[in-house]
Amino acid sequence: MTAQGASASLPDPSSAPMMVRAEAVYKSFGRLQVLRGIDLEVARQEVMCVIGPSGSGKSTLLRCINHLEKINAGRLWVDGELVGYRQRGGKLYELREREISAKRAEIGMVFQQFNLFPHMTALENVTEAPIRVKGMPKVRAAELARELLDQVGLQDKAAAYPKQMSGGQQQRVAIARALAMQPKLMLFDEPTSALDPELVGDVLAVMQDLAASGMTMIVVTHEMGFAREAGDTMVFMDDGVVVESGRPRDVLANPQRDRTRSFLAKVL
Amino acid sequence: MPSSAEPGAGMTRPGQEQATVRTEPPQEIRAVPVRHPGRWLAAAVVLLLAAMLAHTLVTNPRFQWGVIGHYFLSSRVLDGLGITILLTVVAMAIGIALGVILAIMRLSPNPLLSGASWAYIWLFRGTPVLVQLLFWFNLAFLYPRISLGVPFGPEFFHANANSLITALAAAILGLGLNEGAYMAEIVRAGILSVEHGQSEAAQALGMRRGQTLRRIILPQAMRVIIPPTGNETISMLKTSSLASVITVTELLYAVQLIYSVTFQTIPLLIVASLWYLIVTSLLTIGQYYIERHYARGSARQLPLTPWQRLRRLLFTFHAPPPEPPAQLPAGPGR
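Please read all numbers here as calculations on a predicted model, not as lab measurements.

## Considering the overall build of chain A
Counting its secondary structure elements, chain A contains 9 helices and 12 strands. Residue burial in chain A is summarised as follows: out of 268 residues, 57% are buried. Sequence separation of at least 24 residues holds for 64% of the intrachain contacts in chain A that already meet a minimum separation of 6. About 11700 Å² of surface is accessible on chain A, with carbon and sulfur atoms providing 47% of the total. Averaging the positions of the 33 positive and the 32 negative side-chain charges in chain A gives two centres separated by 7 Å.

## Remarks on the packing of aromatic side chains
Applying the stated rule across the entire model yields 7 aromatic pairs over all chains. When the ring of Trp118 of chain B is compared with that of Trp122 of chain B, the centres are 6.3 Å apart and the planes differ by 10°; the resulting orientation is stacked. Placement of the pair is Trp118 of chain B and Trp122 of chain B together in helix α4 (residues 111-126), with a separation of 4 residues, close to one helical turn. We classify Trp118 of chain B as partly exposed; its relative accessible area is 46%. Measuring from ring centre to ring centre gives 6.2 Å for Phe135 of chain B and Trp136 of chain B, while their planes differ by 90°; the resulting arrangement is edge-to-face. Across from the ring centre of Phe117 of chain A, 4.6 Å away, lies the NZ or CZ of Arg177 of chain A, which sits over that ring.

## Structural notes on the side chain of Ser244 of chain B
All names here are of chain B. Tracing the chain through its elements places Ser244 in the loop between α10 (209-239) and α11 (251-262). A relative accessible area of 13% means that Ser244 is categorised as buried. At 2.6 Å, the side chain of Ser244 and the backbone oxygen of Ser241 are in polar contact. Non-local contacts of Ser244, meaning those with residues more than four positions away in its chain, are made with Glu250, Leu252, Tyr253 and Gln256.

## Brief notes about the interface of chain A and chain B
Contacts between the two partners involve 40 residues from chain A and, on the opposite side, 29 residues from chain B. Summing both sides of the interface, chain A and chain B together bury roughly 3100 Å²; the carbon and sulfur share of this comes to 51%. The interface formed by chain A and chain B holds 4 salt bridges in total. The partner of Glu97 of chain A in a salt bridge is Arg209 of chain B, with the nearest N and O atoms 3.9 Å apart.

## Focus on the confidence of the model for chain B
Residues and elements named next belong to chain B. For chain B, the mean per-residue pLDDT works out to 86, and 87% of the residues sit at or above 70. Low pLDDT, under 50, characterises residues 1-13; the stretch is placed with 3 contacts to residues that sit more than four places away or in other chains. Taken as a whole, residues 325-334 scores under 50 in pLDDT and shows 28 contacts with residues more than four places along the chain or in a different chain. Here the prediction assigns the complex a pTM of 0.77, and the interface score ipTM is 0.88.

The rules behind these values
Residues numbered from 1 in each chain as written. Chains lettered and ligands numbered in written order. Predicted model: local features only at pLDDT ≥ 70, side-chain atom pairs only at ≥ 80, totals over all residues. Heavy atoms only, no water. Helix = DSSP H or I, 4+ residues; strand = E, 2+ residues; numbered from the N terminus. Buried < 20%, exposed > 50% of the residue type's maximum accessible area, 1.4 Å probe, protein only. Contact = heavy atoms within 4.5 Å. Areas by Shrake-Rupley, 256 points an atom, 1.4 Å probe, with all protein chains shown as cover. Lys, Arg positive; Asp, Glu negative; His and termini not counted. Charge placed at Lys NZ, Arg CZ, Asp CG, Glu CD. Phe/Tyr/Trp six-rings, centres within 6.5 Å; stacked < 30°, edge-to-face > 60°. Lys NZ or Arg CZ within 6 Å of the ring centre and 35° of its normal. Polar contact = N/O pair within 3.5 Å; in protein donor to acceptor, adjacent residues only side chain to side chain. Buried area = accessible area lost by both parts, 1.4 Å probe. Salt bridge = Lys/Arg side-chain N within 4 Å of Asp/Glu carboxyl O. pLDDT = per-residue confidence, 0-100.

Structure (structure tokens):
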């Protein structure tokens, strides 16, 4: 577990690579600057919670990490490898689609709106990527999917279509779907924000189990209770920069910056 | 956590469980229904018109029902029907394949590809299909010799355009290429109707663009694509009658050939019309089942097939058909 601040000095290159490392990452959409120099590090098995007001760039940061968005400046590494590019002789080469897909396959992502495939059953949602991307035999994939649905408490929903499930159930299927690719890193983009309040607990419980099992996770969330319980580090972002970071307990109980303080005053 | 009330207690809020538990059944409302004299009048008019239509169909000897019966299953008419169906099926197959390719090109980030697709649609949608049929039929005036080979290089195969492009080939080309332009817009609308989050979720799982399109986007787009495609197929069945102008003996030209000799124009046109109606009806039924197939997951419960509905109607003896069991989420399963 690490609790290094985002503003920490350059990491020691001799140590084992961080799971995620961002150095002065910039991203803009047209003239709108969304990320304005992000530095951060996520160690293996670390659970990092990212909080901040809407529009602060939290989701964009997650989407850059699995290259759903291209960054404009800076460097981003996942597991010691550059995201989206290959560096050879001081020159950057864009990766081919095949290479980008292969890297995305190692990173699980859970969306605010679940984004389950509505024309497939829960089981088919989970088996789709292992079969199509990894070439796993169908029988083996179905076994794996049943294990994972069991893990998220939905063993009896294998044959249900997403429309037949509650939001909380859908989100747990989405988590199982991401886990089926056996990712080394899981990204959660406000996973409980679209849920009815009484359904949030089930999803958070699954995420807490996952954190306890040693999964490296970056969680964009407004659930401060979850962040306090399951998070190793907390990052507060505002206006495209990391304002403050540290242990969740410290950030929540004793924020150092005015902006953090005023944000927490509104949400707590 | 809401405490589980006894079954049948209905809506209870926490702290209210004991408040209102009714024992007697609710008294159903009985009221005098509103009268609708306008509806009765309209129904009477429709009935009258229907009676007049039936009367003239039976009593006017110039319909010549005997002649209709005589030619209805004649081999010349059935051959024409076969050509009509062949034209419809092949032209639609070309149209759908072309439409998918053009729609994907149209949505490509490459401006040359999307531009080419745009130009194709512009050209083929912007000219009458009858003109296009005549154009393909007369292609030999433009290119007397058609050859296959390396562009600007040697050729491997060549043929006389007149022998290669027969009337039937011209009809298939004309109808199929024209249909491609319309299908392209239908497929494009279908692809655009699928939420962006779907392709993002697929990409985040490591699926490539082609896989995402085939496995995730197109199956969902089908729900939007099928109904207008059914429409296009029915429309194509009838548009194929235009091939009669370029001497393809499809259904219309087949009956024209007969009545140009016998002068039984109206009965033979009725023969053709009846066949068009029959095939259209069959296509409509087929469309219903295809739509039902692609509705998987879009509704909580698939609609009943007409057959299931009929059975339910026959075996419930005037009781209102029972609601299908609602497949509501059964609460958090943890």
